[in-house]
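If you want the building blocks of each chain, they are given just below.
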Amino acid sequence: MPLLEATSLSKRYGDTAVFANVSLTVDAGEFVAIVGESGVGKSTLLNCMAGLDTVTDGTVRIAGRDVTSMAEAQQALLRREHLGFVFQAFHVLPHLSVAHNVALPLLLLGRPDAARVAQVLAAVGLDGLGARLPQTLSGGQLQRVAIARALVHKPQLILADEPTGNLDPATAERVLDTLCHQVRQEGAACVLVTHSRTAAARADRVLTLAADGIRAG
């Protein structure tokens, strides 16, 4: 059974189609990159696959469960247990320290683990910054907080929206190493949306999203 299965997804706002006829499957241990022109709906597609946005047509299944037919509370619980989502806009909580932001998924699952928080902060190059508040960090550092938060609970599926967009090349490579480790050593699946051909080259498959669907290469 694929860990992620999207079938005939379409998204429209009124008469305007964002994307149409998108189908893909992602297996455990697989790293898939989605590229495409700006405005073609890559971020919207990622949100739809996570149940953060609704599709106009089609279905999304995660670990065999139909996300598109779930109530919002069920979707939230599934995301909490199985997903790690890297937001392009970070979405960190400004009143919480870096460590507390990263720890949130574990706390929501009732599995506090300070050692695991420290481990993922070190993996993304933020060791020693756990006590800092988000407003004292650069954009690149905030991006790494968002990545660490998405990985801390060892999710089965990682959905990452431009995770290296605010990072210098060396830090981007380090973050991609961390994502690849989570996929290939921990058996997770990852779907990465990116404009970066360098980032996409780290994936097992590269798919191109266009207005009329998705294709290999």
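Before reading further, recall that the structure is shown in the block above.
Residues numbered from 1 in each chain as written. Predicted model: local features only at pLDDT ≥ 70, side-chain atom pairs only at ≥ 80, totals over all residues. Heavy atoms only, no water.

Peer 1: Explain the packing of aromatic side chains to me, please; I cannot follow it from the model alone.
Peer 2: Centre distance and the angle of the planes are the two values used to describe a pair of aromatic rings. Taken as a whole and judged by the stated rule, the model has 1 aromatic pair. Here the aromatic rings of F85 and F87 are separated by 4.5 Å at their centres, their planes lie at 35 degrees, and the arrangement is tilted. Classification of F87 as partly exposed rests on a relative accessible area of 25%. (Phe/Tyr/Trp six-rings, centres within 6.5 Å; stacked < 30°, edge-to-face > 60°. Buried < 20%, exposed > 50% of the residue type's maximum accessible area, 1.4 Å probe, protein only.)

Peer 1: Can you walk me through unusual backbone geometry in this structure?
Peer 2: Generally, phi is negative for residues other than glycine and the peptide bonds are trans, each holding for most cases. The phi angle at H91 is positive, at roughly 55 degrees, despite the residue not being glycine. Looking at the secondary structure, you find H91 in the loop between β6 (83–86) and α3 (98–108). The backbone phi angle of K154 is positive, close to 50 degrees, even though this residue is not glycine. Here K154 is to be found in the loop between α5 (139–151) and β7 (157–161). (Helix = DSSP H or I, 4+ residues; strand = E, 2+ residues; numbered from the N terminus.)

Peer 1: What is the right way to look at the environment of L24 in this model?
Peer 2: Residue position: L24 is located in strand β2 (residues 16–26). The exposure class of L24 is buried, given its relative accessible area of 6%. Considered as a pair, L24 and V60 are 36 residues apart in the sequence and their alpha carbons are 9.6 Å apart. Filtering out sequence-adjacent residues up to four positions away, L24 remains in contact with L4, E5, A6, M49 and L207. (Contact = heavy atoms within 4.5 Å.)

Peer 1: Would you explain the sheet that holds β7 in this entry?
Peer 2: As a general point, the strands of a sheet are linked pairwise by backbone hydrogen bonds and lie either parallel or antiparallel. Pairing is mixed across the open sheet formed by 6 strands, whose spatial order is β6-β7-β8-β3-β9-β10. Edge positions in the sheet fall to β6 and β10 (213–216), since each has one partner strand and no second. Mean inter-strand twist for the sheet, computed between neighbouring axes without regard to direction, equals 20 degrees. The pairing of strand β3 (residues 31–35) with strand β9 (residues 205–210) spans 4 bridges and is classified as parallel. Bridge pairing in β9 places V32 opposite R205. Running at roughly 90 degrees to β6, helix α2 (residues 72–82) makes contact with β6 and β7 of the sheet. (Pairing = 2+ DSSP bridges. Axes fitted to C-alpha atoms, helices over the stretch in contact; angles between N-to-C directions.)

In short, the description is geometric, and any link to function would need to be established separately.
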